[in-house]
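Descriptive analysis of the structure
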Amino acid sequence: MLKNGKILVVFIGLVCIVLLPSAVVQAEARFIVGYTGDDWFAGIQGEHRSRSLMGFIGYQEDVVSGLVALTNQAPKPLGYVQAGREVFLGNIKYSVEAYGGNPDFHTDLLAGNRLGIRGEYKQQTGKQAYGIAGELNLLGKPTLKLVPYLEWRSTGVLKAHLEAGTESIAVGLDYGFALSPQAQAGVFAAYDFKNKALDYGARLTFAGGTLTGAVNTETGMSLGLAWKGAECPFAAGIRWQQKVQWYASYTWKM
Amino acid sequence: MKKSFTLAYCMMIILAAAVQAQELSFQHLAANVEQRLNSIFDLHAVIDLEIVQQGQVVITTFDLQSGKEQKLTRLEVLAPELAAGQIYLFDLENNQMSIYIPMAEQIILQPLAGAAGTFGLSLDFANMDQFLSLEDIKGEIEEVLTTEQGVTYKVKVTDLDQQALFLSSASTNPDLAVQYVWVDANFIPYRMEYYEGDVCLGKMLIREYELNAGITAEQLRTLPDVPVLQF
């Protein structure tokens, strides 16, 4: 504008979406061992991440990962493959992911195999946010789940959601708050009208780790601990629900 | 009697403004602006920017803080809601740019050279007030206005730089482009408007500003305590 159009260029640059070539690519492999509660297992995992800027207001991250492991008695394969994209564009976030196998392997080793897609759209407006998450599973009996939600942010984050799907119809609340700059806590509760089950619990998130304790009136109590070192190559997880299952892994950066 | 006095007083103000306008050429005004800008050590301003992009009016509001000695410029987006809460920190000393993205609860860190390259110009992010300079601009004082804050000058830029990205991106006919700049009593260019014929293509308004308030580097550098992603 005034001096060779500079001031306007500055501000226009900030409000325009200009794709930048800047990108960060990371690839890593992990060796993983563990116990499912019945069997020991060992396997390998590979992960490729590509992160690129989207102008000055966001970035996108593409992740392709896969894990294959075999149990020791009557060898049975465990694992998953998945490919997904997550985009942060200003105060909008969306993600989409396709998967096969058990994409929740690291939180529940025996969650069961699925084939499907899941995605989420979220928009923040000041102290509030709203969004919808969904999942479509095509393996076996097709299932669909949609979860619209609202969030309010003040000293903590209160999230209210409604879950409507072929397997459940539920409402729930989640409240997370910071205990310190390095630690966060949360409590949650959800009631499933279709299965007449109440699920409630608490979680504690600290440097690299999350400890979760939950009670479900149908399936009983569960405890979980997941940890991934920020600077060291080790990661581990343990989950107790009637049986104890755990894993430990070592990562090689490539 | 009272009315006559008020009328006479108003006429005197108008006359004084007219005399001042006659006395102050554009070159003098530009020199005064330059002198004022050179006296700025730090700047805090709230800026409204209204531009037309693909037929849509986009209104953006920024909170800008800049320190010359600190070699830092910090921009916080106040509006629109699509980007509100984002913070941009241009750090010339460390040659890097940090962007806080509230939705991701993360900070993106990238070399400043890459950011400047995107703008297509070598920008002095630590000397933001110099972007307000009228030096090397050809123009004429079109109107002198008397406001509560004092005398305001409306300047018509007579020789627009055809390379201005704003024109090339927004104007379909640069020959019809006209630019006006308003300079306040403190010799700060605080408002500009850009037209193509009668159509307004963009406006910039420094809604409020504070000069030399003693902004510290610590104030400028303070960002939310969230993970940092390096690009």
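Residues numbered from 1 in each chain as written. Chains lettered and ligands numbered in written order. Predicted model: local features only at pLDDT ≥ 70, side-chain atom pairs only at ≥ 80, totals over all residues.

Attention now goes to the overall build of chain A. The helix and strand tally for chain A stands at 1 helix and 16 strands. When the backbone C-alpha atoms are referred to their principal axes, chain A occupies close to 75 × 45 × 40 Å. In chain A, which comprises 254 residues, the share counted as buried stands at 20%. Contacts in chain A between residues at least 24 apart in sequence constitute 32% of all its contacts with a sequence separation of at least 6. (Helix = DSSP H or I, 4+ residues; strand = E, 2+ residues; numbered from the N terminus. Buried ≥ 20, exposed ≤ 12 C-beta atoms within 10 Å, placed from the backbone. Contact = placed C-beta atoms within 7 Å.)

Of the regular secondary structure elements, chain B holds 5 helices and 12 strands. Counting over 231 residues, chain B shows a buried share of 34%. Pairs at least 24 apart in sequence give 52% of the contacts found in chain B among residues at least 6 apart.

Moving on to the confidence of the model for chain A. All names here are of chain A. Per-residue pLDDT for chain A averages 88, and the proportion of residues at 70 or more is 91%. Element-level pLDDT for chain A is lowest in helix H1 (residues 6-15), with a mean of 41, against a maximum mean of 97 in strand S9 (residues 156-165). Between residues 1-21, whose pLDDT stays under 50, and residues either more than four places distant or in other chains, the model counts 68 contacts. (pLDDT = per-residue confidence, 0-100.)

The next subject is helix H2 (residues 26-38) of chain B. All names here are of chain B. Its 13 residues give H2 an end-to-end C-alpha distance of 18 Å, which sits within 8% of 18 Å, the value for a rise of 1.5 Å per residue. Within H2, the full set of buried residues consists of Phe 26, Leu 29, Ala 30, Val 33 and Leu 37. Across the axial projection of H2, the buried residues extend over an arc of 100°, all falling on one side. Residues of H2 that are exposed and point more than 90 degrees away from the buried face comprise Gln 27, His 28, Gln 35 and Asn 38. Looking at the buried side of H2, the elements it contacts are strand S7 (139-147), strand S8 (150-157), strand S9 (177-183) and strand S10 (189-196). (Expected span 1.5 Å × (residues − 1). Arc of directions from axis to C-beta.)

Quick look at the nonpolar core now. Judged by nonpolar contacts, the single largest core of 49 residues is most densely connected at Val 33, Ile 101 and Val 183 of chain B. Counting residues in each nonpolar core, the second largest holds 10 residues, with Ile 32, Ala 69, Tyr 80 and Leu 109 of chain A among its members. (Core = buried A, V, L, I, M, F, W, Y, C linked by C-beta atoms within 7 Å.)

On to the environment of Val 46 of chain B. Residues and elements named next belong to chain B. Summarising the element assignment, Val 46 is placed in strand S1 (residues 42-53). Through-space distance from the C-alpha of Val 46 to that of Ile 141 is 25 Å; in sequence the pair is 95 residues apart. Ignoring sequence-local partners within four residues, the contact set of Val 46 consists of Thr 61, Asp 63, Arg 207 and Glu 208.

The two faces of a sheet get side chains in turn, since along a regular strand they alternate between them. For S7 of chain B and S8 of chain B, the ladder comprises 8 bridges, and the chain directions are antiparallel. Considered in S8 of chain B, the bridge of Gly 139 of chain B is made with Val 157 of chain B. (Pairing = 2+ DSSP bridges.)

All names here are of chain B. Within the open sheet, the 12 strands sit side by side as S7-S8-S9-S10-S11-S1-S2-S3-S4-S5-S6-S12. Their pairing is mixed. Two strands bound the open sheet, and with one partner strand each, they are S7 and strand S12 (228-230). Here the average twist between neighbouring strands, direction ignored, is 20°. Packed on one face of the sheet, H2 meets S7, S8, S9 and S10 and runs near 70° to S7. (Axes fitted to C-alpha atoms, helices over the stretch in contact; angles between N-to-C directions.)

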